[in-house]
Amino acid sequence: MAAAAGNDEVKHPSRADRQKCWKVRDAYFECLNTNNIVDPSKAEAASVCKDLQSLYENGCMKSWVDYFNKRRVLEVEQKELLERMRAQHKAAEERAAAAAEAAKTKGSA
């Protein structure tokens, strides 16, 4: 893939570059997890995991950093939503079972 101006070509990351990026990303995200920080764009993330953040941002292309950060937040939000939905479903099933039991008890009396 060529760049817009002249014959300059876009430098694609090598396998080693990608692996290095993923390694520093994982280390940075683990630091965030340890400190209960979901959103890497928050100032708190920069102060707590400063060294790892620097390695991550320098070790990965900016577009990848943006993508990984957004994906991290989205995954956490989706997980929380799924957990809430499961809890609501369980509560609805329990209410339905209690109503059925009450109707059964009432019907046999």
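Here, every reference points to the structure presented above.
Residues numbered from 1 in each chain as written. Predicted model: local features only at pLDDT ≥ 70, side-chain atom pairs only at ≥ 80, totals over all residues. Heavy atoms only, no water.

Asks: Can you explain the packing of helix α1 (residues 15-34) against helix α3 (residues 50-59)? Please cite residues and give values.
Replies: When two helices pack together, their arrangement is given by the angle between the helix axes and by the axis-to-axis distance. Two elements in contact, α1 and α3, have axes separated by 9 Å at closest approach and are oriented at 155°. As far as their axial angle goes, α3 and α1 are roughly antiparallel. For the crossing formed where α1 meets α3, the hand is left-handed. Packed against α1, whose contacting residues are D17, C21, V24, R25, A27, Y28, F29 and C31, the element α3 presents L52, Q53, L55, Y56 and G59 at the interface. (Axes fitted to C-alpha atoms, helices over the stretch in contact; angles between N-to-C directions. Helix = DSSP H or I, 4+ residues; strand = E, 2+ residues; numbered from the N terminus. Parallel < 35°, antiparallel > 145°, perpendicular 65-115°, else oblique. Left-handed = near helix turned anticlockwise from the far one by under 90°. Contact = heavy atoms within 4.5 Å.)

Asks: Could you give an account of the side chain of N69, with specific residues and numbers?
Replies: When you line up the elements, N69 lands in helix α4 (residues 62-108). Judged by its relative accessible area of 16%, N69 is buried. For N69, the residues in contact, after removing those within four places along its chain, are F29, P40 and Y56. (Buried < 20%, exposed > 50% of the residue type's maximum accessible area, 1.4 Å probe, protein only.)

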